Amino acid sequence: MTAAPGEAPVRGVFITLEGGEGAGKSTQAARLAATLRARTGRPVTVTREPGGSPRAEEIRAAVLAGVAKPYGPFAEALLFSAARLDHLDRLIRPALARGETVICDRFLDSTRAYQGAAGGLDPALLGALERVVVGPTRPDLTLILDLPAETGLARAAARGQAAGEGADRFEAEALGFHTRLRTAFLEIANRESARCAVVDASAGPDAVEAAIRAVVTTRLPALSPAPSPALLPAPSPDAETRNGG
Ligand code: T5A
């Protein structure tokens, strides 16, 4: 997707996955990346928030350990924003500028849902932060993986148990917090339906993957497989004459 000399640079495609805890975002980010690499033969970068760059990963470790919790949701939003700023500058924008597809596990909608709708911060305040931090680097497509909060929390807990880890800062919140998150993500999808698509994430991983593939095919035709030469119309004799003569 590199521009020819003299042409305007072609920006890559930016896809984000959003949803509550244990919705299957990491699982589906990896699967979608494999699909798109096979479909397009072009590089796909998979990344996550908070994190994705060395400095942002340091902020992630602190926030998920609960270091900022006593300072309240605004301080947490500032830390997520600081991590996002570095992630955008170091990884996302350079990859998009190279024409790559970037798939990010959580992005700005998580701040809107967790610190805004569930944490009680004023959406106007978060909108101002977004303008400063994210600017024009908005996702082309946001896949909102939707499932009941109890189901996602049970998945996250089972995975944590298998790994010998306890609940992190946000997993440990009460069920009401997670139910508000679900509603918030659905409201975002409803308000910004041109950017967002809701995917039923309560089914098994293969069914969710198929649903995501269908959305990406419809919404992002530029990432569809190149048609096989056998399916292309045969060149007209006129065209051959012009080219040959
Ligand atoms: N946060 C983040 C904010 O508050 N504000 C912000 O601005 C940002 C960016 C990040 C936390 O930070 C908060 C939100 C989060 O609480 P995290 O560890 O990255 O922490 O948490 P999550 O993003 O929620 O990631 P999880 O790993 O918990 O969930 P995923 O990625 O949605 O799910 P995944 O794929 O890891 O799957 C979880 C388990 O379920 C299984 C998997 O094998 C795995 O064991 N699974 C399925 N099981 C059945 N059916 C399916 N379809 C399944 N898909 C996956």
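Residues numbered from 1 in each chain as written. Predicted model: local features only at pLDDT ≥ 70, side-chain atom pairs only at ≥ 80, totals over all residues. Heavy atoms only, no water.

> Even after reading the chapter, I still don't get the sheet that holds strand β5 (residues 196-200), so can you show me in this structure?
Strands belonging to one sheet form pairs held by backbone hydrogen bonds; the direction of such a pair is parallel or antiparallel. One open sheet holds the 5 strands; their spatial order is β2-β3-β1-β4-β5, and the pairing between them is parallel. Edge positions in the sheet fall to β2 (44-48) and β5, since each of these pairs with one other strand and no more. The average undirected angle you get between the axes of adjacent strands in this sheet is 20 degrees. For β2 and strand β3 (residues 101-105), the ladder comprises 5 bridges, and the chain directions are parallel. The residue of β3 that forms the bridge with Thr47 is Cys104. (Pairing = 2+ DSSP bridges. Helix = DSSP H or I, 4+ residues; strand = E, 2+ residues; numbered from the N terminus. Axes fitted to C-alpha atoms, helices over the stretch in contact; angles between N-to-C directions.)

> I'm lost on the nonpolar core in this one. Help?
Across soluble globular proteins, you tend to see nonpolar side chains buried next to one another. Ranked by internal contacts, the top residues of the largest apolar core, which has 23 residues, are Ile15, Leu32, Leu36, Ile103, Leu143 and Ile212. Not counting chain neighbours up to four residues away, the residues in contact with Leu143 comprise Ile15, Thr16, Leu17, Glu18, Leu32, Ala197, Val199, Ile212 and Val215. Residues Phe80, Tyr114, Ala118 and Ala189 belong to the second largest nonpolar core, which totals 18 residues. (Core = buried A, V, L, I, M, F, W, Y, C linked by side-chain atoms within 4.5 Å. Buried < 20%, exposed > 50% of the residue type's maximum accessible area, 1.4 Å probe, protein only. Contact = heavy atoms within 4.5 Å.)

> Can you help me understand the pattern of salt bridges in this one?
Think of it this way: side chains of opposite charge can pair up when their charged atoms draw near. For the coordinates displayed, the defined rule picks out 21 salt bridges. Two residues, Arg112 and Glu130, come together in a salt bridge whose shortest N-O distance is 2.7 Å. In this pair, Arg112 is assigned in helix α4 (residues 108-118) and Glu130 in helix α5 (residues 123-133), connecting sequence segments 18 residues apart. Of the residues examined, Arg112 reaches a relative accessible area of 18% and is grouped as buried. Look at the salt bridges and you will find they share partners, linking Asp109, Arg112, Glu130, Arg138, Glu192 and Arg195 into a network. (Salt bridge = Lys/Arg side-chain N within 4 Å of Asp/Glu carboxyl O.)

> Before we go on, may I ask you to explain the confidence of the model for the chain in this structure?
When pLDDT drops low, the exact placement of atoms in the prediction is not to be read closely. Confidence along the chain averages 92 in pLDDT terms, with 88% of residues attaining 70 or more. The low-confidence segment residues 239-245 (pLDDT under 50) makes 1 contact with residues lying over four places distant or belonging to another chain. (pLDDT = per-residue confidence, 0-100.)

> I tried to follow the site of the ligand on my own but got confused; where do I start?
For the ligand, the set of nearby residues contains 26 residues, the closest of which are Glu21, Lys25, Ser26, Thr27 and Arg159. Between Ala203 and the ligand, the recorded distance is 2.9 Å, taken from a backbone N or O atom to a nitrogen atom. The protein chains hide 85% of the 1,000 Å² of surface that the ligand would expose on its own. Listed by contribution, the elements that provide at least two residues to the shell around the ligand are α1 (25-40), α2 (54-64), α3 (73-97), α4 and α6 (149-163). In terms of residues, the shell around the ligand owes the most to one element, α4, which gives 4 residues. Classifying every residue of the shell around the ligand gives 8 nonpolar, 8 polar and 10 charged. (Near = heavy atom within 4 Å. Polar contact = N/O pair within 3.5 Å; in protein donor to acceptor, adjacent residues only side chain to side chain. Areas by Shrake-Rupley, 256 points an atom, 1.4 Å probe, with all protein chains shown as cover. Nonpolar A, V, L, I, M, F, W, Y, C, P; charged D, E, K, R; others polar.)

> Would you mind going over the packing of α6 against helix α7 (residues 175-191) with me for this structure?
Each pair of packed helices can be summarised by the angle the axes make with each other and by the distance between the axes. Running from amino to carboxyl end, α6 crosses α7 at an angle of 115 degrees, the nearest separation of the two axes being 9 Å. Here the hand of the crossing between α6 and α7 comes out right-handed. Residues Ala149, Glu150 and Leu153 of α6 form the contact with α7, whose participating residues are Leu175, His178 and Thr179. Here the contact of α6 with α7 is built from residues that sort into 3 nonpolar, 2 polar and 1 charged. (Left-handed = near helix turned anticlockwise from the far one by under 90°.)

> What's the story with the pairing of strand β1 (residues 14-19) in this structure? I'm lost.
Residues in a regular strand project their side chains so that they alternate between the two faces of the sheet. The buried fraction of β1 amounts to 6 of the 6 residues, a majority that puts the element mostly inside the structure. By the alternation rule, side chains of β1 split into Phe14, Thr16 and Glu18 and Ile15, Leu17 and Gly19, which are all buried. Note that β1 and β3 share 4 bridges and pair parallel. Across the sheet, the residue bridging to Ile15 is Ile103, located in β3. Strand direction decides the pairing type here: β1 and strand β4 (residues 141-146), joined by 5 bridges, are parallel.

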